[in-house]
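Fold and contact review
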Amino acid sequence: TPKLYSMPTAEAVTLLTSGKVDPKARRYASLLARIEAASAGRTVTYEWVRGHNGHPLNEAANRLAIATRRGAELHLPPGIRRKVRTQITADLACA
């Protein structure tokens, strides 16, 4: 079976592993739906990693989140946003 490795936030891990849907967790609805769809027929491992602790995947996720927010705030064209995401991903592959 294909494997899926996910490092969501601590709150999302709790929701994913407990099966409980907290009304306050609606902000995770899209994330949880995508993870559930990607999980079908796979062995899934969830691991929480402390944020800003030097983990390469966590740091890349943080950089992507910041770039996404700043791109929206600055109204950057989609092509520029895509180039920034591609560069962050390429940097991760080199790490």
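Some points on the overall build of the chain
Along the backbone of the chain there are four helices and two strands. The order of α-helices and β-strands along the chain, N terminus first, is β-α-α-β-α-α. Within the span of the chain, comprising 95 residues, buried residues form 17% of the whole. A separation of at least 24 residues holds for 59% of the contacts in the chain among residues at least 6 apart in sequence. For the chain, the accessible area works out to roughly 7,100 Å², and carbon and sulfur atoms hold 57% of it.

Concerning the pattern of salt bridges
In this structure the tally under the stated criterion is two salt bridges. Between R63 and D91 there is a salt bridge, and its shortest N-O distance comes to 3.2 Å. Note that R63 is positioned in helix α3 (residues 56-73) and D91 in helix α4 (residues 78-94), a separation of 28 residues in sequence. Judged by its relative accessible area of 30%, D91 falls in the partly exposed class.

Thoughts on a nonpolar patch on the surface
Together, L74, L76, I80 and V84 make up a nonpolar patch on the protein surface, roughly 320 Å² of accessible area in all. Following the sequence through the fold, V84 ends up in helix α4.

Points about the confidence of the model for the chain
Residues at a pLDDT of 70 or more form 69% of the chain, whose mean pLDDT is 78. Element-level mean pLDDT values for the chain span from 56 in strand β1 (residues 3-6) up to 90 in α4.

Section: the environment of H52
Take H52: it is sitting in the loop between β2 (43-46) and α3. It is 8.1 Å that separates the C-alpha atoms of H52 and N62, two residues lying ten residues apart in sequence. Contact partners of H52, with chain neighbours within four places excluded, come to N58, E59 and N62.

As for the packing of α3 against α4
With their axes 10 Å apart at the nearest point, α3 and α4 run at an angle of 170° to one another. As summarised for this structure, α3 and α4 are arranged roughly antiparallel, according to the angle between their axes. Listed contacts from α4 to P56, L57, A60, R63, L64, A67, G71 and A72 of α3 are R81, V84, R85, I88, D91 and L92. For the contact of α3 with α4, the class distribution of residues is nine nonpolar, one polar and four charged.

Rules used throughout
Residues numbered from 1 in each chain as written. Predicted model: local features only at pLDDT ≥ 70, side-chain atom pairs only at ≥ 80, totals over all residues. Heavy atoms only, no water. Helix = DSSP H or I, 4+ residues; strand = E, 2+ residues; numbered from the N terminus. Buried < 20%, exposed > 50% of the residue type's maximum accessible area, 1.4 Å probe, protein only. Contact = heavy atoms within 4.5 Å. Areas by Shrake-Rupley, 256 points an atom, 1.4 Å probe, with all protein chains shown as cover. Salt bridge = Lys/Arg side-chain N within 4 Å of Asp/Glu carboxyl O. Patch = residues over 30% accessible without salt bridge, like charges linked within 9 Å, V, L, I, M, F, W, Y side chains within 5 Å. pLDDT = per-residue confidence, 0-100. Axes fitted to C-alpha atoms, helices over the stretch in contact; angles between N-to-C directions. Parallel < 35°, antiparallel > 145°, perpendicular 65-115°, else oblique. Nonpolar A, V, L, I, M, F, W, Y, C, P; charged D, E, K, R; others polar.

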